[in-house]
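Each chain, letter by letter, is given below.
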Amino acid sequence: MADRSLRGIRLGAQSLQSEEGVVFMERRETIYKCETCGNTTSLMFAADAEPPQVWECRTCGAAAVLSVDGETITPDAADEKTARTHWDMLMERRTRAELEELLEERLAFIRARRGAGEDPTREKIGA
């Protein structure tokens, strides 16, 4: 199989596809202005796509606001989603009583595995 290796082409360096017949989507430039550092970020989006109102600034990491016709817009607070924590998602699936019962079952299992009379915090000497 080693004698049948590909010769005469740099693998990965060139694409064998051509751009013939490819029609690119219409695009538009969208500008974001950072209030913190004053940096402007220019991004390209599809013409029919709705750009996000806020983008992370590449310079300082703060929120850069969308600029339309040279004027920055006021972002809608309704678009912001509150982050769900693990506890929130857990409480959607189980009640507090179910969680207490599961905890007791698990603690009983761990205690039985360790031995009922042992103190798990005490170090074993000579072991």
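Predicted model only: the values in this text are computed from it and were never measured. (Residues numbered from 1 in each chain as written. Predicted model: local features only at pLDDT ≥ 70, side-chain atom pairs only at ≥ 80, totals over all residues. Heavy atoms only, no water.)

Caption draft 1: Representation of the state of the cysteines. Inspection of every chain in the model, using the stated rule, returns zero disulfides. Cys60 takes part in no disulfide bond, and the closest cysteine sulfur, belonging to Cys34, lies 3.6 Å away. With relative accessibility at 37%, the residue Cys60 sits in the partly exposed group. (Disulfide = S-S within 2.5 Å. Buried < 20%, exposed > 50% of the residue type's maximum accessible area, 1.4 Å probe, protein only.)

Caption draft 2: Region of interest: the nonpolar core. Counting residues in each nonpolar core, the largest one holds seven residues, listed as Tyr32, Cys34, Leu43, Phe45, Cys57, Ala64 and Leu66. For this core, the elements supplying multiple residues, two or more each, are strand S1 (27-34), strand S2 (40-46) and strand S4 (63-68). The residues contacting Leu43, other than those within four sequence positions of it, are Arg28, Glu29, Thr30, Tyr32, Trp55 and Arg58. (Core = buried A, V, L, I, M, F, W, Y, C linked by side-chain atoms within 4.5 Å. Helix = DSSP H or I, 4+ residues; strand = E, 2+ residues; numbered from the N terminus. Contact = heavy atoms within 4.5 Å.)

Caption draft 3: Spotlight on the environment of Thr36. Among the secondary structure elements, Thr36 is positioned in the loop between S1 and S2. Since its relative accessible area comes to 61%, Thr36 is described here as exposed. Residue contacts for Thr36: discarding those within four places in its chain leaves Cys60 and Ala62.

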